[in-house]
Amino acid sequence: MLKEMQIICFLAIVPWLLSAYEAPEDKEDIFASKACPAFLIFNSIAFQAYMTVELPCHCKPEEANSVVWYYQKQTGTMNTKVLTDFDGTKVVESSKVGRDSDLRNRFSIRLFSLLIFRVQKADSGHYICGTTSGEFFYGYHVDVQEVHQVFFPWDLNQKTPGYVADPNSTDLFQVFTSYRAWSTCDRCDIQGEQIRVGLCYVKSNYLHVRYRSELETVAPCGSPAVPEQFGLSSSTCGAELQVRSCNTACPSKPTTSPEREALLNFLEYDDRGSGVPIHYHNHPIDSDLILTCPGPKPQYAVAWDKGSTPLYRFQYMEGLNKTSRVFIDTGHHLHFRPVRLEDKGSYFCWIQGKLSAEIRLGVYLRLGHLRQISDPESLYALQAILVCYIGITVLFFLTVLVRFVWQLSKE
């Protein structure tokens, strides 16, 4: 009797279970519900240099299956770059993007959004989402700001506000630096660093109406919304970077037996990289190299270690030492200019306070390299050949002269 009651209850519940797992209806197409503006206006935004930038195409007609992005430094000019591979599926590996490479080699279109890797000051300008037939849907003006000042713990006050006014302010406008929140500590169990970026903005009631931002009376300092009569220049207005020390604990790890720990210590085995992906990279000596930590987003905190030695920003930050060969730029990339034999080894990168990857760098000598005539080694070789040729020529004439004199004396 009990089993029969259970079967009846199960059969009664089955329809309700099946209805709970019904496939949901297709979601509404956001492009069908969001109309594009009749008059093209530009969303004015600012970014820090050498970061990865994503520009979504917020609206387009339903019949448009792919988009083309147009770039103009200034509107109304004939110098326009078309950013497309005509399929909207161009994929670029950010680790292979050079620092001074052209914009056409640093972009990717994914799901109608434009991604720009290692964005640079020269990339500032207008970006328009459209089609190959010349239809325009959505526009941006991107102000890329290079970091002009880096502040370390000994430069920072204990109480730094979220924004700082600039002395360039007047009654017509106010220039200020807007700081983002501090990042998470980039390392755990050892001393780490936190960073936050401050971007330059202008507050005024006289901004150009064709450019809009989150606040109607605020625009980035490099935006065309700011009238030229204000006299602002990129040399006086730029981004700032603040760095401070921090300490945080790592998540607890499974305990190991004392015997195993003693054995690992005896063998001098470092298991700090266990469980993280290992990447191998071989690079020729005396050439430039940029290491990129795999996977971080632009706003993430990233740190670098060589083996067990942390590479802190207060020692390796770009610009601190003009003669520094190894440095970290504001986009969290590790640079070698150039690579030496002593640079080979294991490099660990941290993301958001967690050990993320190990890069094992190998350095090798280039064999059979075709040298240019302007290379120092080529100039040295030519100089040596020329000296030897002159020496042999002088020796030849001396031999002929001695022989001639000897024949004259014999006659």
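All values reported here derive from a predicted model rather than from experimental measurement.

Each value, and the rule that gives it
- Residues numbered from 1 in each chain as written.
- Predicted model: local features only at pLDDT ≥ 70, side-chain atom pairs only at ≥ 80, totals over all residues.
- Heavy atoms only, no water.
- Helix = DSSP H or I, 4+ residues; strand = E, 2+ residues; numbered from the N terminus.
- Areas by Shrake-Rupley, 256 points an atom, 1.4 Å probe, with all protein chains shown as cover.
- Phe/Tyr/Trp six-rings, centres within 6.5 Å; stacked < 30°, edge-to-face > 60°.
- Lys NZ or Arg CZ within 6 Å of the ring centre and 35° of its normal.
- Buried < 20%, exposed > 50% of the residue type's maximum accessible area, 1.4 Å probe, protein only.
- Contact = heavy atoms within 4.5 Å.
- Salt bridge = Lys/Arg side-chain N within 4 Å of Asp/Glu carboxyl O.
- Pairing = 2+ DSSP bridges.
- Axes fitted to C-alpha atoms, helices over the stretch in contact; angles between N-to-C directions.
- Core = buried A, V, L, I, M, F, W, Y, C linked by side-chain atoms within 4.5 Å.
- Disulfide = S-S within 2.5 Å.

Peer 1: Kindly report on the overall build of the chain, identifying the contributing residues and their values.
Peer 2: Looking only at helices and strands, one finds five helices and 23 strands in the chain. Of the roughly 26,100 Å² of accessible surface on the chain, a fraction of 57% belongs to carbon and sulfur atoms.

Peer 1: Account for the packing of aromatic side chains, with residues named and values stated.
Peer 2: Enumeration according to the criterion identifies ten aromatic pairs in this entry. Across from the ring centre of Trp 182, 4.0 Å away, lies the NZ or CZ of Arg 244, which sits over that ring.

Peer 1: Break down the environment of Pro 284 for me, citing the residues and quoting the values.
Peer 2: Position of Pro 284 relative to the elements: it lies in strand S16 (residues 278–284). For Pro 284, a relative accessible area of 13% corresponds to the buried category. A sequence separation of 80 residues divides Pro 284 from Tyr 364, and the C-alpha atoms of the two residues are 5.1 Å apart. Contacts of Pro 284, omitting those with residues within four sequence positions, involve Val 339, Tyr 364 and Arg 366.

Peer 1: Which residues make up the environment of Arg 337, and what values go with them?
Peer 2: Locating Arg 337 in the fold gives a position in the loop between strand S21 (334–336) and strand S22 (345–351). Sequence separation between Arg 337 and Ser 287 is 50 residues; the distance between their C-alpha atoms is 6.9 Å.

Peer 1: Could you give an account of the pattern of salt bridges, naming the residues involved and the relevant values?
Peer 2: This structure, assessed with the given rule, holds nine salt bridges. Measuring nitrogen to oxygen at the nearest pair gives 2.3 Å for the salt bridge that ties Arg 340 to Asp 286. Pair noted here: Arg 340 is in the loop between S21 and S22 and Asp 286 is in the loop between S16 and strand S17 (289–291), with a separation of 54 residues, a long-range link. Here Arg 360 and Glu 358 are joined by a salt bridge, their closest N and O atoms 3.0 Å apart. Residue Arg 360 is classed as partly exposed on the basis of its relative accessible area of 33%. In this structure Glu 358 comes out as buried when scored by relative accessible area, which is 6%. Salt bridges sharing partners connect three or more residues here, namely Asp 186, Arg 187, Glu 193, Asp 305 and Arg 313.

Peer 1: Explain the sheet that holds strand S1 (residues 42–48) residue by residue, including any values.
Peer 2: Spatial ordering of the open sheet is given by S4-S3-S7-S8-S1-S13, a layout of six strands whose pairing is mixed. In this open sheet, the two strands that pair with only one neighbour each are strand S4 (80–83) and strand S13 (211–212). Pairing between strand S3 (residues 68–72) and strand S7 (residues 125–130): five bridges, direction antiparallel. Bridge pairing links Gln 72 to His 126 in S7.

Peer 1: I'd like a description of the sheet that holds strand S2 (residues 53–55), backed by residues and values.
Peer 2: Here three strands make up an open sheet; going across it, the order is S2-S6-S5 and the pairing antiparallel. Pairing within the sheet leaves two strands with one partner each, and these edge strands are S2 and strand S5 (107–110). Averaged over neighbouring strand pairs, the angle between their axes works out to 20° when direction is ignored. Here S5 runs beside strand S6 (residues 113–116); their pairing, made up of four bridges, is antiparallel. Within S6, the residue paired with Phe 107 across the bridge is Ile 116.

Peer 1: Quick rundown of the nonpolar core? Include the residues and the values.
Peer 2: The biggest cluster of nonpolar side chains holds 23 residues, and the ones touching the most others in it are Leu 55, Trp 69, Leu 83, Leu 114, Tyr 127, Cys 129 and Val 142. Broken down by element, this core gets its largest block of residues, five residues, from strand S8 (residues 136–145). Apart from the residues within four sequence positions on either side, Leu 114 is in contact with Val 53, Glu 54, Leu 55, Trp 69, Leu 83, Phe 107, Ser 108, Ile 109 and Tyr 127. In terms of nonpolar packing, the next biggest core, distinct from the first, is built from 19 residues, Leu 289, Leu 311, Phe 336 and Cys 349 among them.

Peer 1: Can you tell me about the state of the cysteines, naming the residues and giving the values?
Peer 2: The bond known as a disulfide is covalent and runs between the sulfur atoms of two cysteines. Tallied over the entire structure, the rule returns five disulfides. With a sulfur-sulfur separation of 2.0 Å, Cys 57 is cross-linked through a disulfide to Cys 129. Between Cys 57 and Cys 129, the S-S dihedral sits near -85°, and the bridge is therefore left-handed. Here Cys 129 lies in strand S7 and Cys 57 lies in the loop between S2 and S3, a separation of 72 residues in the sequence. Judged by relative accessible area, Cys 57 falls into the buried class, the value being 4%. Under the relative-accessibility criterion, Cys 129 is labelled buried at 0%. For Cys 188, the disulfide goes to Cys 250, at an S-S distance of 1.7 Å. Measuring the twist about the S-S bond at about 85°, one finds the Cys 188-Cys 250 disulfide to be right-handed. One end of the pair, Cys 188, is in the loop between strand S11 (173–179) and strand S12 (192–204); the other, Cys 250, is in the loop between strand S15 (239–246) and helix H3 (258–266), and 62 residues separate them in sequence.

Peer 1: Tell me about the pairing of S8, and name the residues and values.
Peer 2: For S8, the buried fraction is high: nine of the ten residues fall into the buried class. As defined by bridge partners, S1 adjoins S8 across seven bridges and the pair is classed as parallel. Its bridge partner being in S8, Phe 42 is matched across the sheet by Gly 139. Two successive antiparallel strands, S7 and S8, enclose a turn made up of five residues, where Gly 134 displays a positive phi of approximately 95°.

Peer 1: Can you tell me about the pairing of strand S23 (residues 354–364), naming the residues and giving the values?
Peer 2: In summary, the side chains of a regular strand alternate between the two faces of the sheet. Summarising burial for S23: eight of the eleven residues are buried, a large majority. Sheet analysis places S16 next to S23, joined by seven bridges and oriented parallel. Bridging across to S23, Ile 278 finds its partner in Glu 358. Alignment of S22 against S23, held across seven bridges, turns out to be antiparallel.

Spatial relationships are all this shows, so hold off on functional conclusions.
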